[in-house]
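Chain residues, written in single-letter form:
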Amino acid sequence: MSQPAYYIGIDVGTGSVRAGLVKQDGTLVATRTEDTITWRDPEDHRIFEQSTNNIWEGMCKCIKACLQEAKVDPSLVKGVGFDATCSLAVSDENGEPVVVTKGDQLGQNGDRNIILWADHRAEKEAELINSTGSVVLDYVGGTMSLEMEIPKTLWLKRHMKSELFKRCQFFDLPDFLTYRATGFNRRSCCSVTCKCSYVPTKNGWQPEFFKKIGLDEFVENDFHQLGKDEVLTAGSPVGNGLSKKAAEETGLLEGTPVGSGVIDAYAGWLGTVAARYKVKGKLSDEVPSLDESRHRLAACAGTSTCHIVQSPGSVFVPGVWGPYKDVVFKGWWMNEGGQSSTGQLIDFMITTHPAYPRLKELAEKQKTNIHEVLQTELEKLRVEEHAENLTELTKDIHFYPDLHGNRSPLADPRMRGSLVGISLDSNFGDLARKFNVTLEAIALQTRHIVDQMNAHGHEIRSIYMSGGQAKNAMLMQLFANTCSMPVVLPQSSGAAVVLGAAMLGRFAAEAQTKHLSEDERGQALWEIMVQMTPAGTMVEPAASPKEKKLLEAKYKIFLEQIDIQRRWRKEMEEANR
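The structure displayed is predicted, hence computed values, not measured ones.

So, the overall build of the protein
Next up, step 1: For the protein, the count of helices and strands is 19 helices and 21 strands.
Next up, step 2: Relative to the globule expectation of 25 Å for 577 residues, the C-alpha radius of gyration of the protein, 23 Å, shows essentially globular dimensions.
Next up, step 3: The buried share of the protein, reckoned over its 577 residues, is 60%.
Next up, step 4: Counting contacts in the protein only where the partners sit at least 6 residues apart, residues at least 24 apart contribute 71% of the total.

Considering the pairing of strand S3 (residues 28–35)
Next up, step 1: Note: strand S2 (residues 16–23) against S3, 7 bridges, orientation antiparallel. When the sheet's bridge partners are listed, Ser-16 is paired in S3 with Asp-35.
Next up, step 2: Counting the residues in the hairpin turn of S2 and S3 gives 4 residues, including Gly-26, whose phi is positive at 95°.

Here we look at the packing of aromatic side chains
Geometrically, a pair of aromatic rings is defined through the distance of the ring centres and the angle of the planes.
Next up, step 1: The tally for this structure, following the rule as stated, stands at 17 aromatic pairs.
Next up, step 2: Between Phe-170 and Phe-218, the ring centres sit 5.8 Å apart and the planes meet at 50°, which makes this aromatic pair tilted. Residue Phe-170 is located in strand S9 (residues 168–172), and its partner Phe-218 is located in helix H8 (residues 216–220); the two are separated by 48 residues in the primary sequence.
Next up, step 3: Judged by relative accessible area, which is 1%, Phe-170 ranks as buried.

Details of the environment of Thr-101
Next up, step 1: In this fold, Thr-101 is placed in the loop between strand S7 (88–92) and strand S8 (114–115).
Next up, step 2: Here the alpha-carbon distance between Thr-101 and Ile-47, two residues 54 residues apart in the chain, equals 8.9 Å.
Next up, step 3: Contact partners of Thr-101, with chain neighbours within four places excluded, come to Glu-49, Leu-106 and Arg-112.
Next up, step 4: Separated by 2.6 Å, the side chains of Thr-101 and Glu-49 make a polar contact.
Next up, step 5: At 3.4 Å, the side chain of Thr-101 forms a polar contact with the side chain of Arg-112.

Things to note about the sheet that holds strand S1 (residues 6–12)
Next up, step 1: Strand order across the open sheet formed by 5 strands is S3-S2-S1-S6-S10, with mixed pairing between neighbours. In this open sheet, the two strands that pair with only one neighbour each are S3 and strand S10 (262–263).
Next up, step 2: Both strand S6 (residues 77–84) and S10 contribute to a ladder of 2 bridges, which runs parallel. Its bridge partner being in S10, Asp-83 is matched across the sheet by Val-262.
Next up, step 3: Docked against the sheet, helix H5 (residues 173–182) engages S1, S6 and S10, running at close to 145° with respect to S6.

A word on helix H2 (residues 123–130)
Next up, step 1: Within H2 the residues assigned to the buried category are Glu-125, Ala-126 and Ile-129. All buried residues of H2 project into a common sector of 100° when viewed along the axis, lining one side.
Next up, step 2: Against the buried residues of H2 lie helix H3 (149–159) and helix H7 (207–213).

Quick notes on the nonpolar core
Next up, step 1: If you look at the biggest cluster of nonpolar residues, it comprises 90 residues, and the most contacted ones within it are Ile-150, Leu-156, Tyr-266, Trp-269, Val-328 and Met-529.
Next up, step 2: When residues in this core are grouped by element, the largest group, 8 residues, is from helix H17 (residues 495–514).
Next up, step 3: When sequence neighbours within four positions are dropped, the list of residues in contact with Ile-150 reads Ile-129, Met-144, Lys-195, Cys-196, Ser-197, Phe-209, Phe-210, Ile-213, Leu-215 and Leu-226.
Next up, step 4: If you look at the next biggest cluster of nonpolar residues, it comprises 52 residues, including Ile-346, Ala-441, Ile-442 and Cys-483.

Overview of the environment of Gly-251
Next up, step 1: Inspection of the secondary structure assignment puts Gly-251 in the loop between helix H9 (244–250) and S10.
Next up, step 2: Of the residues examined, Gly-251 reaches a relative accessible area of 29% and is grouped as partly exposed.
Next up, step 3: Distance from Gly-251 to Asp-73, taken between C-alpha atoms, is 9.7 Å for residues 178 residues apart in sequence.
Next up, step 4: Setting aside residues up to four positions removed in sequence, Gly-251 forms contacts with Lys-64, Leu-67 and Pro-74.

What about the sheet that holds strand S16 (residues 333–339)?
Neighbouring strands of a sheet are bound in pairs by backbone hydrogen bonds; such pairs are parallel or else antiparallel.
Next up, step 1: A sheet is described by the order of its strands in space; here 9 strands give the open sequence S12-S11-S21-S20-S19-S13-S14-S16-S15, paired in mixed fashion. Edge positions in the sheet fall to strand S12 (282–283) and strand S15 (321–325), since each of these pairs with one other strand and no more.
Next up, step 2: Strands strand S13 (296–301), strand S14 (305–311), S16 and strand S19 (462–466) of the sheet are contacted by helix H15 (residues 428–455), whose axis makes an angle of about 155° with S16.

Digging into the pattern of salt bridges
Next up, step 1: A complete count under the given rule lists 33 salt bridges for this structure.
Next up, step 2: The partner of Arg-167 in a salt bridge is Asp-92, with the nearest N and O atoms 3.9 Å apart. Of the two residues, Arg-167 sits in the loop between helix H4 (162–165) and S9 while Asp-92 sits in strand S7, which places them 75 residues apart along the sequence.
Next up, step 3: Among the ionic pairs, Glu-361 bridges to Arg-358, the shortest N-O distance being 3.2 Å.

Considering the packing of helix H11 (residues 343–351) against H15
Next up, step 1: Direction vectors running N to C along H11 and H15 enclose 165°, while the axes themselves pass 10 Å from each other. By the angle class used here, H11 and H15 are roughly antiparallel. As H11 runs across H15, the sense of the crossing is right-handed. Facing Leu-345, Ile-346, Met-349 and Ile-350 of H11, the residues of H15 in contact are Leu-431, Phe-435, Thr-438, Leu-439 and Ile-442.
Next up, step 2: A class-by-class count of the residues in the contact of H11 with H15 yields 8 nonpolar, 1 polar and no charged.

Topic: the pairing of S7
Next up, step 1: Most of S7 sits inside the fold, with 5 of its 5 residues counted as buried.
Next up, step 2: Side chains of S7 alternate between two faces, with Leu-88, Val-90 and Asp-92 and Ala-89 and Ser-91 buried alike.
Next up, step 3: As defined by bridge partners, S7 adjoins S9 across 5 bridges and the pair is classed as antiparallel. When the bridges of S9 are listed, Leu-88 appears paired with Asp-172.

Quick look at a negative patch on the surface
Next up, step 1: On the surface, Glu-230, Glu-518, Asp-519 and Glu-520 cluster together into a negatively charged patch.
Next up, step 2: In this structure, Asp-519 sits in helix H18 (residues 518–532).

Let's talk about the side chain of Asn-185
Next up, step 1: Summarising the element assignment, Asn-185 is placed in the loop between H5 and helix H6 (189–195).
Next up, step 2: Of note is the side chain of Asn-185, whose polar atom sits 2.7 Å from the side chain of Gln-169.
Next up, step 3: A polar side-chain atom of Asn-185 sits 2.8 Å from a polar atom in the side chain of Arg-187.

Looking at the packing of H17 against H18
Next up, step 1: One way to put it is that H17 packs onto H18 with a least axis distance of 10 Å and a crossing angle of 135°. Here H17 lies oblique to H18, going by the angle between them. Note on packing geometry: the crossing formed by H17 with H18 is right-handed. Each of Leu-499, Met-503, Arg-506, Phe-507, Glu-510 and Ala-511 in H17 lies in contact with H18, whose residues at this interface are Arg-521, Ala-524, Leu-525, Ile-528, Met-529, Gln-531 and Met-532.

Cut-off values and rules
Residues numbered from 1 in each chain as written. Predicted model: local features only at pLDDT ≥ 70, side-chain atom pairs only at ≥ 80, totals over all residues. Heavy atoms only, no water. Helix = DSSP H or I, 4+ residues; strand = E, 2+ residues; numbered from the N terminus. Rg over C-alpha atoms; globule rule 2.2 N^0.38 Å. Buried < 20%, exposed > 50% of the residue type's maximum accessible area, 1.4 Å probe, protein only. Contact = heavy atoms within 4.5 Å. Pairing = 2+ DSSP bridges. Phe/Tyr/Trp six-rings, centres within 6.5 Å; stacked < 30°, edge-to-face > 60°. Polar contact = N/O pair within 3.5 Å; in protein donor to acceptor, adjacent residues only side chain to side chain. Axes fitted to C-alpha atoms, helices over the stretch in contact; angles between N-to-C directions. Arc of directions from axis to C-beta. Core = buried A, V, L, I, M, F, W, Y, C linked by side-chain atoms within 4.5 Å. Salt bridge = Lys/Arg side-chain N within 4 Å of Asp/Glu carboxyl O. Parallel < 35°, antiparallel > 145°, perpendicular 65-115°, else oblique. Left-handed = near helix turned anticlockwise from the far one by under 90°. Nonpolar A, V, L, I, M, F, W, Y, C, P; charged D, E, K, R; others polar. Patch = residues over 30% accessible without salt bridge, like charges linked within 9 Å, V, L, I, M, F, W, Y side chains within 5 Å. Areas by Shrake-Rupley, 256 points an atom, 1.4 Å probe, with all protein chains shown as cover. Lys, Arg positive; Asp, Glu negative; His and termini not counted. Charge placed at Lys NZ, Arg CZ, Asp CG, Glu CD.

In structure tokens, the structure reads:
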């Protein structure tokens, strides 16, 4: 009897690193999470920094803990896959970390070598890039976000001593992790295309663009600092697998295949969109094909939310990143919308309210989570006020949610939040109402993104969730009602992303042993996704005719809030001249 094969997925999120040990059928056998350190600047709210050493140490602990818990011999682990946030990792030519913190240590060797995706220091650099009219802007929805890697790299160029800058290598974090794991500097199409201004359909790197923004040295050194070798599609084997050093650190075997990595949201796409689904407990008969993926939007919703959809041809959507070619499947294109702050926004709105201590007290007393307590309070208020639904309960409160700027579909980092309908009320009921309008605002903005994608050529018919927010049943029903389409929840909200990473490990192992051609690789990866993705649960739209009318009116007001804010900003700028 042959021994079972296992695969390890590594998921590096905003605040933690997670390892999952997964069987060939997608069963998660063991998982372990370690928190990671994020440094902030008390004098500059835009700054978020991390450390690849800290992440790697946490990852090694997680892998060893999974093997120990499951009592699995390392020889049975046949492949490893990585996903991570789209953060900028900086090292020297030997792979040693280089400090990215402004001040005397900038450019020296040291731990704080990651500018986190949420870091907004590079606003001026993004403005310069967006004034160039370069072809690279066509592939990021017309406007480059300050969260991408090239604005951040340009910030480092402007603040670092030139001799130190020239010795640096710049990585999107998933690519750094496969480099650290294998010793081979092979970049992924996902990272360089989505975050580093690489355009596969225009011969890759764009020398004219980099010269125009002041990064001439990249052109002069043939893009060695960004990765000049062939870029790999998702899961393609990297080098000779795990290096001897990485094998010793992780407790795995040297040479274990390592798949080319993806950004975390794309791992969420991998781990959800091939799912069959249950409706009222009954499993659907449909086994999805690769072509069906173009109708399924993956929403990876944690601290922030990314919205990813695949298409057989290029679809250009203003304010939505992409279209990106060959990111996961050769010949297919992907677009990525996003909200910079969603889970973080919900936490902020709750924890900054004067009634938050009372909420914590009630949750502890009732031995439940704070969201359950708030939902109970909302239902009580709905009954007391004879409202048909929660949308009616908060019909006169209108919240616009871009407290951290807008990623999609406006691509405007200067957008800010607004709240209309505030009263002289700071009690527990007011907190519950503000919780409800926060969820409403996130759902309305999700519709805004989906509407824009479909208006420009996509055919999205359902939303496939992953990440922590998928556990919030109230929010998921709001998504279905607001977007007027079914929402499919993963079997485990937290497992989908790490499962997607493990799929890359399996694909790397099979691509290596079966010597698959380019044409065979795409179908093989999709079959792996279908085999390893557990069935999800479908949440169907359930709004009454009255609630539909209320949500439609709320959406109209939501769009008006955008116009009003931009008009007011312009009026104040003119008055200030």
